[in-house]
Amino acid sequence: MLPDGTDISWESADGLRLYAKSYGPQDAPLTVLCIHGLTRNHKDFEPMIAALPQHYRYISVDVRGRGQSTYDPNPDNYAPPVYAKDMIALLDHLGVSKVATIGTSMGGLISLILARQAPERLIGVTLNDVGPEVDKAGIARIATYAGKARPVTSWETAADAVKATQGVAFPDLPAERWLDFARRTYRELPTGEFIADYDPNIAASLGKVKPGRLMSFVMWRLFGAMKKIPLLIIRGGTSDILAASTADRMVRRHPDARLVTVPQVGHAPLLDEPEAIAALTEFLRRLETKA
């Protein structure tokens with residue numbers, strides 16, 4: 001069951017009004033910062049939070065340009081280093097000194113940057129289907145729909161639209177869950193239309209992703225900077241973003257990492273799958289002693 005949530009509003013260094021939602025007790029023994037992927041928002045983590053232990057505090061964010069956070073007039077700011085600064089501003093605003101992060105896809109990259117910028121504030125990191133190398137095929141697939149969703153006329157047609165782009169990743173998802181998926185990723189306008197709940201300009205950031213030797217070198221260096229931070233890697237068994245070989249390499253290079261694979265799921269696991277919940281519960285219980 002999803003606990004009651006509390007709205008959080010804070011301001012970025014460049015003056016944008018940003019939004020997050022806090023679930024669970026403020027005096028919890030562990031605070032978990034949940035950072036979504038490119039086209040998602042804070043609601044992406046609702047199924048996961050409902051299934052995880054309720055005595056923790058979960059802060060789920062709308063990264064700038066998504067959900068209830070302000071759209072940035074400068075699309076160049078839709079970039080992980082900027083998002084990471086926004087996360088630090090959020091923690092400062094709340095007076096939270098240490099957190100564990102759960103980052104899906106882009107949110108995982110933001111976690112890597114946080115580990116470089118403010119390692120003393122992270123007591124553990126979960127990377128959901130992302131790593132220092134991303135497969136070109138997955139980036140190309142995401143580019144076919146990111147920023148291109150057209151308005152639809154009902155929640156049912158929104159569910160159809162979501163399934164059209166995400167069905168390859170979740171072939172076994174029951175029909176009723178596609179409607180839930182749509183309600184987490186679309187918003188209803190006063191006109192009665194339904195639109196994807198993000199600024200279409202966020203898609204411009206995909207053009208800046210240039211997989212290659214230089215990018216690989218930079219990202220593995222960034223990954224290496226978090227060797228002292230406990231790490232959980234969750235990978236979709238059919239992911240076209242995080243290759244199995246890359247995930248295995250991550251475990252070999254990190255002295256305190258565990259890899260869990262969610263079968264029959266692509267990019268990226270919803271994190272309410274039994275394998276993901278079991279791994280996250282164990283990981284958070286371990287981190288609770290470090291908080």
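All values derive from a computational prediction rather than experimental measurement.

**Student:** What should I look at first to understand the overall build of the chain in this one?
**Tutor:** Secondary structure summary: the chain contains 9 helices and 10 strands in total. Whereas a compact globule of 291 residues would reach a radius of gyration of roughly 19 Å, the chain reaches 18 Å, a difference of no more than 12%. Each principal axis of the C-alpha distribution contributes one length, and for the chain these read about 50 × 40 × 40 Å. Burial analysis of the chain (291 residues in total) assigns 54% to the buried set. Nonlocal contacts in the chain, meaning residues at least 24 apart in sequence, comprise 75% of its contacts between residues at least 6 apart. Within the structure as shown, the chain displays about 12,600 Å² of accessible surface, and the carbon and sulfur contribution to it stands at 54%. Here the chain contributes 34 positively and 33 negatively charged side chains, and the mean placements of these two sets differ by 8 Å.

**Student:** For this particular structure, what's the right way to read helix 2 (residues 80-94)?
**Tutor:** Within an α-helix, residues lying three or four positions from one another point in the same direction, as the helix has 3.6 residues per turn. In this model, helix 2 (15 residues) spans 21 Å end to end at C-alpha, consistent with the 21 Å of a helix rising 1.5 Å per residue. Here helix 2 has its buried residues at V82, Y83, A84, D86, M87, I88, L90 and L91. For helix 2, the secondary structure elements touched by its buried residues are strand 1 (5-11), strand 2 (17-23), strand 3 (31-35), strand 4 (57-62), strand 5 (99-104) and helix 3 (106-117). Just beyond helix 2, the residue with positive phi is G95, at close to 70°.

**Student:** Just checking my understanding: could you explain the pattern of salt bridges for this structure?
**Tutor:** Two side chains carrying opposite charge are able to pair once their charged atoms lie near each other. Applying the stated criterion to the full structure yields 12 salt bridges. Measuring nitrogen to oxygen at the nearest pair gives 2.9 Å for the salt bridge that ties R40 to D44. Accessibility expressed as a relative area gives 11% for R40, which makes it buried. Overlapping salt bridges bring together D14, R64, D72 and D86 as one network.

**Student:** It is not clear to me how the environment of A291 should be interpreted in this structure. Could you clarify?
**Tutor:** One can find A291 in the segment after helix 9 (274-288). For A291, a relative accessible area of 55% puts it in the exposed group. Considered as a pair, A291 and S97 are 194 residues apart in the sequence and their alpha carbons are 9.5 Å apart. Those residues in contact with A291 that sit more than four places away from it in its chain are P29, L30 and I123.

**Student:** When you look at the packing of aromatic side chains in this model, what are you seeing that I'm missing?
**Tutor:** One pair of aromatic rings is described through two measures. These are the centre distance and the angle between the planes. Taken as a whole and assessed by the stated rule, the structure comprises 6 aromatic pairs. Aromatic pair Y56 and Y58: ring centres 6.4 Å apart, planes at 80°, arrangement edge-to-face. Y56 gets classed as buried once you look at its relative accessible area, which sits at 2%. Sitting over the ring of Y78, R66 keeps its end group 5.7 Å from the ring centre.

**Student:** Teacher, can you tell me more about the packing of helix 3 against helix 7 (residues 213-224) here?
**Tutor:** Packing of helix 3 against helix 7 leaves a shortest axis separation of 8 Å and a crossing angle of 60°. On the basis of their axis angle, the class for helix 3 and helix 7 is oblique. Considering only the axes of helix 3 and helix 7, their crossing is left-handed. Here L109, L112, I113 and R116 of helix 3 lie close against helix 7, whose contacting residues are M219, R221, L222 and F223. When the residues that make up the contact of helix 3 with helix 7 are grouped by side-chain class, the tally is 6 nonpolar, no polar and 2 charged.

Quick notes on the rules
- Residues numbered from 1 in each chain as written.
- Predicted model: local features only at pLDDT ≥ 70, side-chain atom pairs only at ≥ 80, totals over all residues.
- Heavy atoms only, no water.
- Helix = DSSP H or I, 4+ residues; strand = E, 2+ residues; numbered from the N terminus.
- Rg over C-alpha atoms; globule rule 2.2 N^0.38 Å.
- Buried < 20%, exposed > 50% of the residue type's maximum accessible area, 1.4 Å probe, protein only.
- Contact = heavy atoms within 4.5 Å.
- Areas by Shrake-Rupley, 256 points an atom, 1.4 Å probe, with all protein chains shown as cover.
- Lys, Arg positive; Asp, Glu negative; His and termini not counted.
- Charge placed at Lys NZ, Arg CZ, Asp CG, Glu CD.
- Expected span 1.5 Å × (residues − 1).
- Salt bridge = Lys/Arg side-chain N within 4 Å of Asp/Glu carboxyl O.
- Phe/Tyr/Trp six-rings, centres within 6.5 Å; stacked < 30°, edge-to-face > 60°.
- Lys NZ or Arg CZ within 6 Å of the ring centre and 35° of its normal.
- Axes fitted to C-alpha atoms, helices over the stretch in contact; angles between N-to-C directions.
- Parallel < 35°, antiparallel > 145°, perpendicular 65-115°, else oblique.
- Left-handed = near helix turned anticlockwise from the far one by under 90°.
- Nonpolar A, V, L, I, M, F, W, Y, C, P; charged D, E, K, R; others polar.

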